[in-house]
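Architecture at a glance
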Amino acid sequence: SGRFSRPSESGTRTTFADVAGQDQAKKEVAELVEFLREPERFQRVGAEVPHGVLLMGPPGTGKTLLAKALAGEADVPFFSTSGSEFIEVFVGVGAGRVRKMFEAARKAAPAVIFIDELDSIGRTRGTGLGGGHDEREQTLNQILAELDGFEGKEAVVVLAATNRPDVLDPALLRPGRFDRHVMLNLPDRRARRAILDIHAKALPLTDPSDLDAIAGGTPGFSGADLKNLLNEAAIQAARRSAGSITEADLQEARDKVMMGTVRTLAIQP
Ligand code: ATP
């Protein structure tokens, strides 16, 4: 039902340095940092900054991470919710939650709102598939109303994430709504190495250069998959009661995650 955090109080502030690769996406999102830090500068000269940003890309590519990093860089409160939390609620409940979250963010402005899995509420309305879904439509309508309700220059930025931009209701993408689109991609070899480096920082690897081979042998892996791989390797090492993570641990973990990945891909439509 929505979460709230204030970067400066949560101890570990997420920043762009925590997001490996995704240079273009980071650059586009970074443009909003200045606005959130000093909205008055923009308001003074009547500059309208986009409120709605749609983060698109495969699962686990860092969409949530990037949204958190924006709030962290600007040092503003972060409000988040997921579209999937609105699926089984009673009519009106979802819309009420959306209204409350936007109200709280406006009060705390400058602030960032993040809506994960936008497609689970934001699918094209009135297709009749699955029989009506009144509560979903009301929630979606409330999001649209909130986006339209921004009076020009309020310093609230709304980011939403989806891996199915193709099913989104076109109403969400109209000017003044989620009209900025930022694409996140699966990492290439270099980016995979950078992601592995970030998540291996706190891990005792026998030889950190083992990560080269792992980066080379994991095409198609997302950032989340790579993080998973490292954790799996650490579990392996612990099972052996070893003090460090060897190349064999990493390779075995890679194979495990890969089999998992194959399974996940197979059940996708
Ligand atoms: P989903 O669509 O499944 O919600 P997402 O795109 O929001 O996925 P995140 O939740 O941000 O992905 O990523 C999951 C985890 O994977 C992150 O917490 C982070 O630790 C790691 N990760 C993903 N991408 C990156 C990246 N580019 N750099 C560093 N870590 C990453």
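This structure is a prediction, so every number in the text was calculated from the model and none was measured. (Residues numbered from 1 in each chain as written. Predicted model: local features only at pLDDT ≥ 70, side-chain atom pairs only at ≥ 80, totals over all residues. Heavy atoms only, no water.)

1. Some details on the confidence of the model for the protein chain
Do not read the predicted coordinates in detail wherever pLDDT is low. Which entries qualify depends on this criterion: Each residue gets a pLDDT score, which is the predictor's confidence in that residue and runs from 0 to 100.
Mean pLDDT over the protein chain: 88, with 88% of residues reaching 70 or higher. In the predicted complex, the global pTM is 0.89; the interface-specific ipTM is 0.95.

2. Regarding the site of the ligand
Heads up, the condition is: Any residue with at least one heavy atom within 4 Å of a molecule or strand is counted as near it. A 3.5 Å cut-off defines polar contacts: any pair of N or O atoms within that distance qualifies, except that in protein one atom must be a possible hydrogen donor and the other a possible acceptor, and neighbouring residues in sequence count only when both atoms are side-chain atoms. Only the protein chains shown count as cover for residues, and the accessible areas themselves come from Shrake-Rupley with a 1.4 Å probe. Of the grid points, spaced at 1 Å and generated over the protein atoms alone, those admitting a 1.4 Å probe that cannot get out make up cavities, while open sets with protein on both sides within 12 Å along at least five of seven lines make up pockets; any residue with an atom within 4 Å of a point is treated as lining. Assignment to a cavity or pocket requires that more than half of a molecule's atoms be within 2 Å of the site's grid points. Helix numbers and strand numbers start at the N terminus; a helix is a DSSP run of H or I with at least 4 residues, a strand a run of E with at least 2.
The full set close to the ligand counts 16 residues, and A20, G60, K63, T64 and H199 are the nearest of them. With respect to the ligand, the side chain of T64 contributes an N or O atom lying 2.6 Å from an oxygen atom. Within the backbone of L65, an N or O atom sits 3.0 Å from an oxygen atom of the ligand. Expressed as a share of its isolated accessible area of 620 Å², the protein-covered part of the ligand is 81%. According to the grid-proximity analysis, the pocket containing the ligand is the largest pocket. Elements with a contribution of two residues or more to the shell around the ligand: α3 (63–74), α7 (189–200) and α9 (223–239).

3. What about the packing of α7 against α9?
The test is simple: Axis definition: a line fitted to C-alpha atoms, over the contacting stretch in the case of helices. Angles run 0 to 180 degrees between N-to-C directions. Working definition: roughly parallel below 35 degrees, roughly antiparallel above 145 degrees, roughly perpendicular at 65 to 115 degrees, and oblique for all remaining angles. Here is the rule for handedness: rotate from the far helix to the near one, and if that takes an anticlockwise turn smaller than a right angle the crossing is left-handed, while a clockwise turn gives right-handed. Note on definitions: a residue-residue contact is assigned when non-hydrogen atoms from the two residues lie within 4.5 Å. All residues other than Ala, Val, Leu, Ile, Met, Phe, Trp, Tyr, Cys, Pro, Asp, Glu, Lys and Arg, Gly among them, are scored as polar; the first ten of these are nonpolar and the last four charged.
At a minimum axis distance of 9 Å, the contact between α7 and α9 shows a crossing angle of 45 degrees. On the basis of their axis angle, the class for α7 and α9 is oblique. Seen from above, α7 lies across α9 with right-handed handedness. Across the interface between the two elements, R192, I195, L196, H199 and A200 from α7 touch G223, L226, K227 and L230 from α9. When grouped by side-chain class, the residues that make up the contact of α7 with α9 number five nonpolar, two polar and two charged.

4. Remarks on the nonpolar core
Quick note on the threshold: Nonpolar cores are built from buried Ala, Val, Leu, Ile, Met, Phe, Trp, Tyr and Cys residues. Side-chain atoms within 4.5 Å join them into one set. For the exposure calls, accessible area comes from a 1.4 Å probe over protein chains only, and a residue counts as buried if that area is under 20% of its type's maximum, exposed if over 50%, partly exposed in between.
By size, the foremost hydrophobic cluster in this structure holds 28 residues, and its most contacted members are L55, L66, L70, V112 and L159. Excluding its chain neighbours within four sequence positions, the residues that come into contact with L66 are F16, V19, A25, K26, V29, L55 and L184. Counting 25 residues, the second largest nonpolar core, distinct from the first, contains M101, I115, I143 and V156.

5. Side note on the environment of T162
Relative to the helices and strands, T162 resides in strand β5 (residues 156–162). According to the relative accessible area criterion, T162 is buried, its value standing at 1%. Sequence separation between T162 and P59 is 103 residues; the distance between their C-alpha atoms is 8.4 Å. The contacts of T162, once residues within four sequence positions are left out, are L54, L55, M56, G57, K63, D119 and L168.

6. Thoughts on α3
Along an α-helix, a turn takes 3.6 residues, which lines up residues three or four apart on a common side. The criterion, for reference: For a helix, the expected span equals 1.5 Å multiplied by the residue count minus one.
Here α3 contains twelve residues, and its C-alpha end-to-end distance of 17 Å stays within 8% of the 16 Å for a straight helix at 1.5 Å per residue. Within α3, nine of the twelve residues are buried, which leaves the element mostly enclosed by the surrounding structure. K63, L66, A67, A69, L70, A71, G72, E73 and A74 are the residues of α3 that are buried. Those residues of α3 that are buried are in contact with α1 (23–37), β2 (52–56), β3 (78–82), β4 (111–116) and β5.

7. Some words on the sheet that holds strand β1 (residues 3–5)
What counts here: At least two bridges found by DSSP between two strands are what make those strands a pair.
Sheet architecture is open: six strands sit in the order β1-β3-β4-β5-β2-β6, paired in mixed fashion. Each having just a single partner strand, β1 and β6 (180–183) make up the two edges of the open sheet. Taking each pair of neighbouring strands and ignoring which way they run, the sheet shows an average axis angle of 20 degrees. In the sheet, β1 pairs with β3 via three bridges, with the strands oriented antiparallel. What sits directly across from S5, in β3, is F78. Packed on one face of the sheet, α3 meets β2, β3, β4 and β5 and runs near 170 degrees to β4.

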